[in-house]
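The lines below spell out each chain.
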Amino acid sequence: MKEVARWLIIYGLGLVALGTIGYLSNPKKAKTALYSGGGFGVITICLGILTRRGVSWALPTALFLVALFSLLLLWRSTVVWRAVAAGERRKTFVGALLALMLLFSVILLPYLFQAWR
């Protein structure tokens, strides 16, 4: 469990960092990047700490929330990349950040599922 907890904490820190980068790239319009990346990152860090401490509900909760966040990221990423394809090139950076968050989430999901089983 300590290994899974460590990856949850690293994932959470990565989300906080990417959310902060997204916000700093456009502070007037990118507050949602800070709220979603930063907020979900903090929740995941807390779940990683609880998993490390052996709290039984922390790992299945983390699995559920990462899966839900992945669906949200998939939707947001699709919307942004469609806008980029339609000519809104200024959204490319946001699309890249969302795609990176989604990639990290999709990589973590099977690992969480395997640990939970």
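Residues numbered from 1 in each chain as written. Predicted model: local features only at pLDDT ≥ 70, side-chain atom pairs only at ≥ 80, totals over all residues. Heavy atoms only, no water.

Peer 1: Go over the overall build of the protein with me, naming the residues and quoting the values.
Peer 2: Of regular secondary structure, the protein possesses four helices and zero strands. In terms of overall size, the protein behaves like a compact globule, its C-alpha atoms giving a radius of gyration of 15 Å where 117 residues would be expected to give roughly 13 Å. Seen along its three principal axes, the alpha-carbon backbone of the protein occupies a region of about 50 × 25 × 15 Å. Considering only contacts within the protein whose residues lie at least 6 apart along the sequence, 67% involve residues at least 24 apart. (Helix = DSSP H or I, 4+ residues; strand = E, 2+ residues; numbered from the N terminus. Rg over C-alpha atoms; globule rule 2.2 N^0.38 Å. Contact = heavy atoms within 4.5 Å.)

Peer 1: Any chance you could break down the environment of Leu-108 for me, citing the residues and the numbers?
Peer 2: Along the polypeptide, Leu-108 turns up in helix α4 (residues 92–116). Separated by 82 residues in the primary sequence, Leu-108 and Asn-26 have C-alpha atoms spaced 28 Å apart. The contact partners of Leu-108, leaving out residues within four places of it in the chain, are Trp-7, Leu-8, Tyr-11 and Val-66.

Peer 1: Any chance you could break down the packing of helix α1 (residues 2–25) against α4 for me, citing the residues and the numbers?
Peer 2: Two numbers describe how α1 lies on α4: the axes approach to 11 Å, and their chain directions differ by 170°. As summarised for this structure, α1 and α4 are arranged roughly antiparallel, according to the angle between their axes. On α4, the residues that touch Glu-3, Val-4, Trp-7, Leu-8, Tyr-11, Leu-15, Leu-18, Gly-19, Ile-21, Gly-22 and Ser-25 of α1 are Phe-93, Leu-97, Leu-100, Met-101, Phe-104, Ser-105, Leu-108, Tyr-111, Leu-112 and Ala-115. By residue class, the composition of the contact of α1 with α4 is 16 nonpolar, four polar and one charged. (Axes fitted to C-alpha atoms, helices over the stretch in contact; angles between N-to-C directions. Parallel < 35°, antiparallel > 145°, perpendicular 65-115°, else oblique. Nonpolar A, V, L, I, M, F, W, Y, C, P; charged D, E, K, R; others polar.)

Peer 1: Describe in detail the packing of α1 against helix α3 (residues 58–85), supporting the description with residues and values.
Peer 2: At a minimum axis distance of 12 Å, the contact between α1 and α3 shows a crossing angle of 35°. Where α1 crosses over α3, the two elements pack in a sense that is left-handed. For the pair α1 and α3, contact is made by Val-4, Leu-8, Tyr-11 and Leu-15 and by Leu-59, Ala-62, Val-66 and Phe-69, respectively. Considered class by class, the residues forming the contact of α1 with α3 number eight nonpolar, no polar and no charged. (Left-handed = near helix turned anticlockwise from the far one by under 90°.)

Peer 1: Run through the side chain of Thr-44, naming residues and quoting values.
Peer 2: Relative to the helices and strands, Thr-44 is located in helix α2 (residues 31–52). Sequence-distant contacts of Thr-44, defined by excluding residues within four places in its chain, comprise Leu-8, Tyr-11 and Gly-12.

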